[in-house]
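# Structure assessment
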Amino acid sequence: CACIGSKVDLDLLGLLFREMHLLNDKARGNEEVEEDAISVALQEMLLAYNEDRTEVAFVHDSIQSAAYSLLDPKKLAAFHLQLGRILAQNLSHETWEKHLFIVAHQLARGYKLISHRDERVVIAGRIFLRAGDKAAAASAFPEAKFFYARGIDLIDNDEDWESSYQLCMDCFSKGAEAAAIAGDYEQMDAWLSVAIRRSIGLDDQFRAHYIHVRSLAQRNEMEKAVDVGLEALELIGVRIPSDNVKLHTLIELFKTRRLMKRICVADLKKIEPNKEKQVVSASRLLNILGTLSLSGKKHLCPLICFKSVQFNIKHGILSGMPISLATYGFLLSRFGMLTEATSYCEMANSVREDLGIVETIASVNMAVYGIVFPFSKPLRECEKQLHHGYTAGFEVGDVANSLRCASLHRYISFFSGQPLPKFLKGVEKVSKLMKEYNSNSTLLVNLVYQQAAVNFSGSGGASTGPAYLNGDFCDYNKIEQQFQEKTHSILHEQMNLMQTILAYHFAHYDTGWKSSEKIHVCGGGSIFKGFIFQYIHIFYRGLTAIALSRNENDKRKYAAAVKACIKVLKIGRKKSPLNLSHQSYLLEAELAVTKKRYAFAERLFMLSIEHAASAGILHEHALAHERFGFYYMMRNNHEAAYEQIRVARDLYAKWG
């Protein structure tokens, strides 16, 4: 019992007793044999039955440890090997899957004693490879890596590669993939290099490169990941031009739009699914590169995505269609074609749901509800779907996209006005997942939002005051030193966005302006382009400029900045009347006040309050009342000012 675990299935225990003690009484079942053997332990209350008497468990972990310590340490490996062999040879087909991990763990403790080559191959394939696959399917990647490693130890020689090539390739490539997801990059590199060196066909070479791309992406080496991916595509004849990229992009955009105008959801459902391994693999890689190139080699992103859409339709890759359509929609939104973008994202959702395609749910929801739909749907709805995307993604083993989806979920949750206690609880949970899977790039951005929420909530952890992103979770100055002035990354821009927002709310306007300047949204060089964050940043940039324009120094400069921000926000209001109108009206109201157009300003303040309430964005609803209150205070209407400030206080309290 102690060798198997803290609890043991009775039928399993009976089988072991029967085989180890050569009890051949066929009239007695395994459970009867087991009950005779453990009756003393049960009487002494060292073991206890479960409710339905199908298993026994040690009443305390220390009892199991004490029992295990009675075994001779020199003979432990041989004893575990004996248990594993008995189970592997005698378990019925019906109970095999149920007890696979128990068998694998027993053999894992004694496999080094196996000397016969045929037995090594059988155990590597029948036990360790299958156990690794089962663990990986349950997203238990550290355990999957453990089992694949044992299989590799048994077959890593020239003779086995020659006689059992597919088994060896499966163990090394799947082991490398599990190691990458588990964050053991050193082990991943070692196994992957063997798989690439030993591969004898295009399929296996491509498979190894595909794993390499995913591992590089998880390490945030996006440019290298894109390069490796493009090399892999060339192996199977899919080429993405690297010269005259703008010309090729325009050509492929025209071809894709012409193709898609003739396609509807009903047409896609009629396509005969292509199951050719190489073609399906190429589709998967194109879809991944479309996402990765946004952070590494942005100039190639549109070209890769257009190629992906064409490739999937041409070859009938239905499983790849949802993410291709979603990414295509995202690109169209960046080009300003929001109506088309929305229709293709709706098509992506429809195809995925109607055909029951679950493996791309995280990546599809990330593009649809994290990028495009925040313009057309309530942010709260987008927040819910992003949460569904990242939890469902984990269930199917799509860890990398699940974590990216989780990041977008946190961003949208914050800007939708989710109460801060709930937000902080969620962000802490996501941070733990990102640490567990060594997703450092997404973790750092997540910590930026965690620090900002802590500062706003006043719950401690801000080392230099609430206006600054310095504290237990984020060090703004340290991170900022890592970036040159020309460098843009999601971390860099999200950090400066949150610093701008904090600095404005806590009246450190110079700090807010400097952070805003580092994003360069108005110049068009921002990663935020095409995201709703572009307009959120412009809103707080404009508010900061209004505050600074009250000083005589550089008044003209800041007044010009306010006008530029209002121009952009009016475009945003047309794109997203539901989520961006209140910001546009509030900034226009502040400008009207500076021009002493008081009646017009009051109407705009009321419009901002009305639209913020309709959108349900608590903190900006509060801000609209707060600014209206300060307006009344400036106008010496203290009764009206008190009422607006009181409502603002209550809304901020509700936010947390």
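## Points about the overall build of the chain
A tally of helices and strands in the chain yields 33 helices and three strands. Along the first, second and third principal axes, the C-alpha set of the chain runs to 100 × 60 × 45 Å. The proportion of buried residues among the 656 residues of the chain is 55%. For the chain, contacts bridging at least 24 residues in sequence account for 65% of all contacts bridging at least 6. Here the chain displays about 29200 Å² of accessible surface, and carbon together with sulfur accounts for 52% of that area.

## Observations concerning the packing of aromatic side chains
Throughout the structure, instances matching the rule amount to 32 aromatic pairs. Where Tyr-411 meets Phe-533, the ring centres are 5.7 Å apart and the plane angle is 75°; that geometry is what we call edge-to-face. Residue Tyr-411 is found in helix α22 (residues 399–415), and its partner Phe-533 is found in helix α28 (residues 533–549); the two are separated by 122 residues along the sequence. This pair shows no difference in class: Tyr-411 is buried, exactly as Phe-533 is. Aromatic pair Phe-415 and Tyr-449: ring centres 6.1 Å apart, planes at 90°, arrangement edge-to-face. Of the two residues, Phe-415 is situated in helix α22 and Tyr-449 in helix α24 (residues 440–457); the sequence distance between them amounts to 34 residues. Tyr-449 matches Phe-415 in its accessibility class, with the two residues each being buried. Feature note: the residues Phe-330, Tyr-411, Phe-414, Phe-415, Phe-423, Tyr-449, Phe-456, Phe-506, Phe-531, Phe-533 and Trp-655 constitute an aromatic cluster, connected by ring pairs. Positioned above the aromatic ring of Trp-96 is the side chain of Arg-126, whose terminal nitrogen or guanidinium carbon lies 4.1 Å from the ring centre. One cation-aromatic arrangement involves Lys-377 over Phe-373; the distance from NZ or CZ to the ring centre is 5.0 Å.

## Describing helix α33 (residues 638–655)
In this model α33 runs 25 Å from its N-terminal to its C-terminal C-alpha over 18 residues, within 8% of the 26 Å that 1.5 Å per residue would give. Along α33, the residues that are buried comprise Ala-641, Gln-644, Ala-648, Leu-651 and Trp-655. All buried residues of α33 project into a common sector of 100° when viewed along the axis, lining one side. For α33, exposure combined with an orientation more than 90 degrees from the buried face picks out His-638, Glu-639, Tyr-642, Arg-649, Ala-653 and Lys-654. In this fold, the buried residues of α33 make contact with α22, α23 (420–436), α24, α31 (598–615) and α32 (618–634).

## Quick word on the pattern of salt bridges
Considering all chains together, one arrives at 23 salt bridges under this definition. Glu-252 is the salt-bridge partner of Lys-255, the closest N and O atoms lying 3.5 Å from each other. Here Glu-252 and Lys-255 lie together in helix α14 (residues 245–261), a separation of three residues that amounts to about one turn. A relative accessible area of 34% means that Lys-255 is categorised as partly exposed. A salt bridge links Arg-627 to Glu-590, with the nearest nitrogen and oxygen atoms 2.6 Å apart. Within this pair, whereas Arg-627 is found in helix α32, its partner Glu-590 is found in helix α30 (residues 577–594), the two being separated by 37 residues in sequence. The residues Arg-627 and Glu-590 share a single accessibility class, namely buried.

## Some words on a positive patch on the surface
On the surface, Arg-380, Lys-384, Lys-422 and Lys-654 cluster together into a patch of positive charge. The residue Lys-422 is located in helix α23 in this model. Accessibility expressed as a relative area gives 54% for Lys-422, which makes it exposed.

What counts as what
- Residues numbered from 1 in each chain as written.
- Predicted model: local features only at pLDDT ≥ 70, side-chain atom pairs only at ≥ 80, totals over all residues.
- Heavy atoms only, no water.
- Helix = DSSP H or I, 4+ residues; strand = E, 2+ residues; numbered from the N terminus.
- Buried < 20%, exposed > 50% of the residue type's maximum accessible area, 1.4 Å probe, protein only.
- Contact = heavy atoms within 4.5 Å.
- Areas by Shrake-Rupley, 256 points an atom, 1.4 Å probe, with all protein chains shown as cover.
- Phe/Tyr/Trp six-rings, centres within 6.5 Å; stacked < 30°, edge-to-face > 60°.
- Lys NZ or Arg CZ within 6 Å of the ring centre and 35° of its normal.
- Expected span 1.5 Å × (residues − 1).
- Arc of directions from axis to C-beta.
- Salt bridge = Lys/Arg side-chain N within 4 Å of Asp/Glu carboxyl O.
- Patch = residues over 30% accessible without salt bridge, like charges linked within 9 Å, V, L, I, M, F, W, Y side chains within 5 Å.
- Lys, Arg positive; Asp, Glu negative; His and termini not counted.
- Charge placed at Lys NZ, Arg CZ, Asp CG, Glu CD.

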